[in-house]
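A closer look at the structure
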Amino acid sequence: MYRIGIDVGGTFTDVLLVDEATGATGVAKVLNEPGRKAETVVRGIRKVLDDSGVAPEKVSFIGHGTTIATNAVLERKGARVALITNKGFRDVLEIGRFSRPSELIYRVQDDKPPPLVPRHLRFEVDCRLDSAGRELRSVSLAEVDAVIERLRLEKVEAVAVSLLFSFLDAAQEKTIGERLRAALPGVPIVLSSEIQPEFREFPRTSTTVFAAAVAPIIASYLDRLQSGLSDAAIKSPLYIFQSNGGVAQPEIVRRRPSTLFLSGPAGAVVGAAQLAIESGYKDMITIDMGGTSLDVCVLRGGIAGTTSAREIEHFPIVSPMLDVHTVGAGGGSLCRIDEVGRLRVGPQSASSDPGPACYGRGGAGLTLTDINLVLGYLDPSDFADGTVPLYPEKAMAALQDAVAGPLKMDPLEAAAGIWTVAANQMAEAIRYVTVQRGIDPRGFDLAAFGGGGPLHGYGIAADLGLRRMIVPIDPGLFSARGIALADFTHDYLVSLVQPIERVDVTQLQAALAKLKQLAGVDLASEGVDENARSLIVSLDLRYLGQSTEINVELGSAATQAGFDLKAYVAEFHRRHEALYTYSVPGEPVELVNLRLRAIGRVPKPPRAPMQAKKLGRAKDQRKAWFPGRGMIDTPVWRRPSLTSGARLDGPVIIDEMSSSTIVPPGAVLEMDTLGNLLVTLPVAK
Amino acid sequence: MAVDPFTLAVIQNALISVASEMKLLTMRTAYTQLWKEQGDLSCCVMDAEGQIVAQDPSGFPIHVTTMPYQLQSLIDGVGRDCIEPGDVLMTNDPFLGGTHLPDVLIARPLFWDGTLYGYLCNRGHWADIGGMGPGSYSPATRELLQEGLVIPPCKLFVRDQIQTPLVNLIVRNVRNSVVAHGDMRAQYASCFAGERRFREIIDRYGLAIVTEAMREILTRSETMTRARIAEFRDGEYHARDCLDGDGLRDEPQWIDAKVTVKGSDVTVDLTGSSDQSTGGMNCSRASAISGVQYALKAITDPENPPNAGSYRPVTVLTRSGSLCDARAPGSIVGFGEVAYRVLDTVMRALADAAPKNVLASGSGSTGTVAVGGRDTRPQARRPYFMSLELSSGAYGARATKDGINAIRYGAGNAGHIPVEASEMENPIRYERIEILPDTGGAGQFRGGNGFCRVFTVLVDTAEICLCADRHKSQPQGVFGGLPGTSARYVLNPGTPQERVLSSKTPYIRLPEGTVVWLQSAGGGGYGDPKKRDPELIKRDLRDGYVTETLAKKHYQV
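So, here is what we can say about the structure in this document. (Residues numbered from 1 in each chain as written. Chains lettered and ligands numbered in written order. Predicted model: local features only at pLDDT ≥ 70, side-chain atom pairs only at ≥ 80, totals over all residues. Heavy atoms only, no water.)

1. A few points about the nonpolar core
A:I4, A:I45 and B:L270 are the most contacted members of the largest nonpolar core, which totals 150 residues. Once you skip the residues sitting within four places of it in the chain, A:I4 turns out to touch A:V15, A:L16, A:L17, A:I45, A:V48, A:L49, A:V59, A:F61, A:I62, A:G63 and A:A484. Counting residues in each nonpolar core, the second largest holds 128 residues, with A:L594, B:V53, B:F198 and B:I217 among its members. (Core = buried A, V, L, I, M, F, W, Y, C linked by side-chain atoms within 4.5 Å. Buried < 20%, exposed > 50% of the residue type's maximum accessible area, 1.4 Å probe, protein only. Contact = heavy atoms within 4.5 Å.)

2. As for the sheet that holds strand β20 (residues 515-519) of chain B
All names here are of chain B. A sheet is described by the order of its strands in space; here 5 strands give the open sequence β14-β15-β20-β17-β18, paired in antiparallel fashion. In this open sheet, the two strands that pair with only one neighbour each are β14 (428-435) and β18 (499-500). Relative to β18, strand β17 (residues 488-491) runs antiparallel, the two being bridged by 2 bridges. Bridging from a neighbouring strand, L491 pairs with R499 of β18. (Pairing = 2+ DSSP bridges. Helix = DSSP H or I, 4+ residues; strand = E, 2+ residues; numbered from the N terminus.)

3. Remarks on the pattern of salt bridges
Residue and element names in this part refer to chain A. Scanning the model with the defined rule gives 83 salt bridges over all chains in all. For the salt bridge of R152 with E149, the shortest nitrogen-to-oxygen distance reads 2.7 Å. Pair noted here: R152 and E149 are both in helix α4 (residues 141-153), with a separation of 3 residues, about one helical turn. Among the charged side chains, a salt-bridge network with shared partners connects D379, D382, K619, R622, R638 and D655. (Salt bridge = Lys/Arg side-chain N within 4 Å of Asp/Glu carboxyl O.)

4. Details of empty space enclosed by the protein
Residue and element names in this part refer to chain B. Applying the stated rule across the entire model yields 7 cavities of 30 Å³ or more. Taken as a whole, the largest cavity encloses approximately 210 Å³ of empty space. Around the largest cavity, the lining is made up of 23 residues, and of these D40, Y137, F335, T366 and R408 lie nearest the centre. Elements with a contribution of two residues or more to the lining of the largest cavity: α3 (61-78), α9 (335-349) and β13 (384-390). With 4 residues, the top contributor of residues to the lining of the largest cavity is α9. (1 Å grid on protein atoms, 1.4 Å probe; cavity = no way out; pocket = protein on both sides within 12 Å on 5 of 7 lines; lining within 4 Å. Points joined across faces, edges and corners; volume = space filled by probe spheres on them.)

5. Section: the interface of chain A and chain B
Residue-level contacts link 74 residues of chain A with 92 residues of chain B. Here chain A meets chain B over a buried area of about 7100 Å², counting both sides, of which 53% is carbon and sulfur. On the chain A side of the interface with chain B, the three residues burying the most area are A:F98, A:R100 and A:Y106, jointly 14% of the side's total. Between B:R398 and A:D111 there is a salt bridge whose closest N-O contact spans 2.5 Å. Here chain A is connected to chain B by 45 residue pairs in polar contact (both at pLDDT 80 or more). For the side of chain A that touches chain B, the secondary structure elements donating two or more residues are α3 (92-95), β6 (122-125), α7 (201-231), β20 (343-349), α12 (411-436) and α17 (565-580) of chain A. Here the element with the most residues in the side of chain A that touches chain B is α12(A); it accounts for 12 residues. For the side of chain A that touches chain B, a count of residues per class yields 30 nonpolar, 17 polar and 27 charged. (Buried area = accessible area lost by both parts, 1.4 Å probe. Polar contact = N/O pair within 3.5 Å; in protein donor to acceptor, adjacent residues only side chain to side chain. Nonpolar A, V, L, I, M, F, W, Y, C, P; charged D, E, K, R; others polar.)

Encoded structure:
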């Protein structure tokens, strides 16, 4: 049987076919047709099946990653959405946290983006729960009906319902929701208690509004996709890839589209996690660098961290998601000198059209891609397999105008300086991620992918003191592969909030049993075998009074014979000290949440080892810049001419379709048995 | 030794990260809502002379701009020669260049091979510092000692050992000692974490380069700010604005700003302002300077990170014994209100010098309302409950845009407590949080609308105090824009028990069931209302930001 992974990118859709038995893969890359996304995907699936001669009924699983939700809200092309909330509180969505976002404190001429629901579409109902979840005023159906009339007049396409304290009791939201669903068939009705029953009204309302804004778009997309698949006689089950790095049935995603918003960068991280497991690289920092941004994620023991909230344009989204940190640094990042001689790299970025100066399409701004070309890291005649000619003289002119001229500096020296600053900014992003999580990055490997990762990787690694960089095979297909082989992942939580000394272990055990039962039902519905299931139990703890918890997971031994709460508390103190420089033994500790993550492991087919072959030859050599060495002759290889076991001394550059791997002098490059490139860097003095 | 532009960029980024991480760590480990939810604290990296080199990007202008003044006094107070490796210093004395007593400054001197190379500073607004009522905010105080506990310059750590008796003395003198202790830990721990990062930077580049980079960071910012000031129209400008009462009497207190723009220098002369008031509506010279510097930074170089260099081209003249340069032992609790009015006045004085850059006056107050009392409910987690309601926020209109509705404006930036967080911790219930139509001043561009926070008190032990402003005067418009409406503070509105409060109300008891209505002033308008785009008028009517009545009156709709 076969599995399919689909990754919809900006320009192309990648469809990857994996043979479950042998691990052999087939690929189709199809150009996106604007306005016909579902059709493009079906076309891609048919193409990969035809090309590989595989019959549709041989496909047991289709995993689908999509950025449709994210793009719809970023481009403000979501549905016309209304909000229903308590009387007196319709402006919670607009006022938000009340404080200005940091970057606007001094920038008084700039606005924060308006909410997705304008004020005339924010409606109120005079009902209310108190802070213990008791009903103070009940829902008047007559009032709801009056709102429904307005919704009809306004031709609203989706409705978000978010009431105060609905995370304690969902009944009022349900009453309103049922009335709306009966009166407005076909209009998605999204309740905050179904989306994310967690405390704090602004983030919950914001998340619900985001979900409602994309619900109709997701629904019509899935309708078209499912009917397209059925027309093409492809009956294998379809699963949607979520921000938490796992897949779920389309029905779950239709109900809770908020699980999709940050799924874009998650595919590559899951791909990296699989790489880690297959190849035995356990602790990795992944960098995925594209045209405008850099995504950073930390994998410990092959497992990516998770987090629960991010923001899109200052509006929070609360949903379990892989902990991917994004900064504005990519190939298109603009470099300039300001009026007083300070260098700026990003966060502004050249648009993809006309692109960097060296594309020769009229772009005049100096970008990191131009810098990489000037430094000899890119081959002007062999960029993207020769499909995009690059013009070094245009890059040079932009460099002269933007930086070297104003600084009265040798252009090469300027380019080298900019490159170093860029590497440092990317390293800062990694430091931010690791320090925040109490991790010392030294001792981690750097997994570099995306077009820019392997170009900048050695500089970032050097800045952080990392010893080894891994450039995986098929980096362009990483994400599709991750999605094809993603596990079923479900997160469950009970909010308990009580001092740990008052916790009744029997009760805790009972709560866990209940979660395990829910997990059992979900995994069974997905056909996951008993012995392919793993359950990870953890507790969120904090000092009584704090608002931020530390998640403590101790392995199954700590819960086997009833919870060993002493051990959890001891581990909490230890982690608090590591993260925050101190712990307070004797201070009361509070148990906040009991969490269960249920994973249905999908068997990972063996990755076919590389066919051993004769080592090819360097394609040519070019001058490339290295710190302390200047421009030196550097052999250049095409990646396909390497073979497993190959070992080359730096300086050397490996070109491939999607990127170039830069190996500095003193470093050693090897190709492992699976075709990954390993760059071992010299120990810093 | 000259530092190259690339190393300079790298070191500046790294130092900002140090300050940023310090704030993040404090918010994550603190116990008070004021920090963990509202973010009311700021962190800075200072050089060996105590000048700001980097501040956390979310730092409040009023915290950070005053910090070097208080740090100097702290160093002098402890004795410059007595500062040693392993020290952590502390003070909250507002007359030593500070703000008000609840803002506690913790500073870590940094040493490298025995040489002092800088300080890490964390200034946080404590939930309580003792004094006349919960939250320590009574405006009807005549002297500092009534406001709470004064911590003179002292060492909290000696040779990296915490001074436990001192800690005990401090936390015993504030309400909810456990909270104060937890917050103090969060504050000093951030300095240790920051130091770890700072040392890595020096390890890498060497102390000489880092020191040189710190100097250069300031020089470049100064040059940038000067270049922007040079674009302003030279001249002498003047504006006056007032505070409604001094805390004890309801008479206007004037801020008078004479602003001279000449080449790349700005001088702001506040010496014509009213004498120091007998109540709490006064501020330190440092706080007045922070109001001036915020106005200038916002209209000169708002894009780049601020530091001591940004502030050099601006000279501020004050008169000791005036309300913006108060003398001990007077009261200073209303420092925020005075600093906000200094900001409004200076901004308006500069309207003709930089018409495209300025804003009309914003809501013009911190809107501080402290609600608290003994928490005698069975589910109480602490002996006292306390909530700091921030009831003022709206931008003035701008040259090309309306003012923003219901948002924090000016030199502070604390946020709201989420309704659900507050109700779970405090015996109060919110009735509405709503943007109020017609409160922003009309204009070609409209002032931001104010908002209301309305809640019912659920116990009989609550006290309330107001330390705010603008309940009589209005935020002014510019270039023909109209003023916004005044703030309103009312108990039990629309009932026989209705009682309108002054924006300066000392602690009063609230019977169970009292409804409290807190309403922000609106921002001033910019330009002639007759020139307003009809599309914007239509949008405002549809969204209820402006009513038909007002539209008819000002926009001839």
